Amino acid sequence: MEIQDRLLTWYRENRRDLPWRKDKDPYKIWVSEIMLQQTRVETVIPYFNRFVEQFPTLQHLAEAEEDEVYKAWEGLGYYSRIRNLHSAVKEVQSSYGGYVPYEPKKMARLKGVGPYTLGAVLSIAYDQKLPAVDGNVMRVLSRLFVLTDDIAKPKTRKKIEQLALQLIPEEAPGDFNQALMELGATICVPSSPRCLLCPLQQACQGLATGQHDELPIKTKNKAPLKQKMVFLLIRDQNKLWVEKRPDTGLLAGFWSLPTIERDKGESAIDAAIRWGELHGILLRNGRQVGELEHIFTHRHWNIEVLEMDYLGIENMYNENISLWTYEKFSNSTLANVYRKALKFI
DNA sequence: AAATCGTGGCT
DNA sequence: TAGCCAAGATT
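Residues numbered from 1 in each chain as written. Chains lettered and ligands numbered in written order. Predicted model: local features only at pLDDT ≥ 70, side-chain atom pairs only at ≥ 80, totals over all residues. Heavy atoms only, no water.

### What to know about the protein's contact with DNA strand B
Selection criterion: For this description, a residue counts as near a given molecule or strand if any of its non-hydrogen atoms is within 4 Å of it. Within 3.5 Å is the distance limit for a polar contact, defined as a pair of N or O atoms, with the added protein rule that one can donate a hydrogen and the other accept it, and that residues adjacent in sequence qualify only through two side-chain atoms.
Taken together, 21 residues sit near DNA strand B, with L251, I295, T297, H298 and N336 positioned nearest. Backbone atoms, meaning sugar plus phosphate, form 58% of the atoms of DNA strand B positioned within 4 Å of the protein. In the model, a base nitrogen of DNA strand B is placed 3.4 Å from a nitrogen or oxygen of the L76 main chain. Taking T297, its side chain carries an N or O atom lying 2.4 Å from a base nitrogen of DNA strand B.

### Side note on helix α2 (residues 26-35)
Quick note on the threshold: Accessibility here uses a 1.4 Å probe with only protein chains present; expressed as a share of the type maximum, an area under 20% marks a residue as buried, one over 50% as exposed, and anything in between as partly exposed. Secondary structure is summarised from DSSP: a helix means a run of H or I of at least four residues, a strand means a run of E of at least two, and numbering begins at the N terminus for each. Two residues form a contact once any of their heavy atoms are found within 4.5 Å.
Of all 10 residues in α2, 9 are buried, a share of seventy percent or more. Next to the buried residues of α2 lie α3 (41-54), α4 (58-63), α5 (66-73), α6 (80-95), α7 (104-108) and α8 (115-126). Where α2 starts, the residue carrying a side-chain oxygen 2.9 Å from the main-chain nitrogen of Y27 turns out to be D25.

### Some words on the nonpolar core
Here is the rule we go by: Definition used in this section: a nonpolar core is a set of buried Ala, Val, Leu, Ile, Met, Phe, Trp, Tyr and Cys residues joined via side-chain atoms within 4.5 Å. Marked domain ranges trace back to an automatic or database domain assignment.
Counting residues in each nonpolar core, the largest one holds 94 residues, and the members touching the most others are W30 and F51. Per element, the largest residue contribution to this core is 7 residues, and it comes from α8. Built from parts of two domains, this core gets at least three residues from each of domain 1 (3-131 + 166-184) and domain 2 (225-344). Sequence-distant contacts of F51, that is, excluding residues within four places in its chain, are made with Y27, V31, M35, L61, A72, W73 and I82. One finds I234, W241, I260 and I321 within the second-largest nonpolar core, a separate group that totals 14 residues.

### Looking at the protein's contact with DNA strand C
Stated formally: We call Asp, Glu, Lys and Arg charged. Ala, Val, Leu, Ile, Met, Phe, Trp, Tyr, Cys and Pro are nonpolar, and the rest, Gly among them, are polar.
Neighbouring DNA strand C are 25 residues, the closest being Q38, G112, D134, N136 and P190. Those elements that provide at least two residues to the surface near DNA strand C are α8, α9 (135-145) and α11 (173-186). Its residues assigned to classes, the surface near DNA strand C shows 9 nonpolar, 7 polar and 9 charged.

### Here we look at the layout of surface pockets
We apply this condition: Residues are said to line a cavity or pocket when one of their atoms sits within 4 Å of a point; the points come from a 1 Å grid over protein atoms alone, cavities being sets where a 1.4 Å probe fits but cannot get out and pockets being open sets with protein on both sides within 12 Å along at least five of seven lines. Grid points are joined across faces, edges and corners, and a volume is the space filled by probe spheres set on the points.
Here the second largest pocket defines a volume of roughly 400 Å³. Taken together, 15 residues line the second largest pocket, and the ones lying closest to its centre are D67, Y70, G253, W255 and T333. Contributing elements (two or more residues each) for the lining of the second largest pocket: α5 and α14 (326-331). Residue contributions to the lining of the second largest pocket peak at 3 residues, all from α5. Residues belonging to the lining of the second largest pocket are distributed by class as follows: 5 nonpolar, 4 polar and 6 charged. When residues of the lining of the second largest pocket are assigned to domains, at least three fall in each of domain 1 (3-131 + 166-184) and domain 2 (225-344).

### What about the pairing of strand β5 (residues 281-295)?
Our working definition: Two strands qualify as a pair provided that DSSP identifies no fewer than 2 bridges between them.
With 12 bridges joining them, β5 and strand β6 (residues 299-313) adopt antiparallel strand pairing. Within β6, the position partnered with R284 by the bridge is D309. Joining the antiparallel neighbours β5 and β6 is a turn of 3 residues.

### Some words on the packing of α9 against α11
How two helices sit against one another is set out by the angle between their axes and by the gap between those axes. Defined as follows: Only the stretch in contact is used when a helix axis is fitted, and all axes are lines through C-alpha atoms; the angle between N-to-C directions ranges over 0 to 180 degrees. These descriptions rest on fixed angle ranges, namely under 35 degrees for roughly parallel, over 145 for roughly antiparallel, 65 to 115 for roughly perpendicular, and the rest for oblique.
As a packed pair, α9 and α11 sit with axes 8 Å apart at the nearest point and diverge in direction by 80°. Considering their axes alone, α9 and α11 lie roughly perpendicular with respect to each other. Contact residues: N136, V137, R139, V140 and L141 in α9; L180, M181, L183, G184 and A185 in α11. Residues of the contact of α9 with α11, tallied by class, amount to 7 nonpolar, 2 polar and 1 charged.

The structure is reproduced here in structure tokens:
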């Protein structure tokens, strides 16, 4: 039997019952694909269920306020995803009458829709013959055909897309793409693949030559940059000072606790006072009230949380700082690293 | 092409 | 612990 038939048969008998597989609503499939980027299925499930309940159709999402939409994404990470998705959905509503485009060129122009998401949405929702090559597919095909290209290189993904396209059966592009990913997620897993349960066991060149454990080839990531950070709790009556992060970079545009990186040899209190000088706020006498570690993809923050004595403000107007009540903290969208720090207030 | 962007779980 | 990984896109 062909590889395609074995894989499709296996998939149709073993596919997980996931919330975004209840129907073929292009909008819901799109939302799920964005959420699933670099994010585990188990993590996504509760977010997805809440999201589609709150925004049942593309039109609901397009017409929703940004605050509400971002709040629904709080804690999921990679927040440019939701910024781009909201923007793209509004574009679909205004330019395409609320229908997710069928034409790949139109879909590809939407913000946040890269080669993978394009192929995934259009193949699953509309059964279009397009590759959907994610990390799973690169791993599965690397092992199946003993591809020794470095999957960390963009060039390799393009090569594997061409291969994947050749493999897609005319009659079931959506199921075939999902089957490759499902195999990678449940059988052909990164370490200790469950080859004995694999429907492609006989066809797998990697298994036959004993190279399945060495594949795929992938260059190592750099170690995350270690930084000593200080978060400030600055009380004014029943409120706390917050600052707005820059519009680019890490946690772009989010409101946060006042944050500053310690210079070499600088004490946490001196760093805190330096933050105050930068923002026109008079501070002194900090006390550490907590400490925590937080690891991003490429940064490792050791964080001291300091409660400061607040003496007053110098500048009357600074758009990048504000005073929030505790209720405001609950209602606003806060990145997890800051949500974690709030336990020390 | 390589760096950047969150978070949580597992080894 | 430190490193790796998870249905990637953008710059």
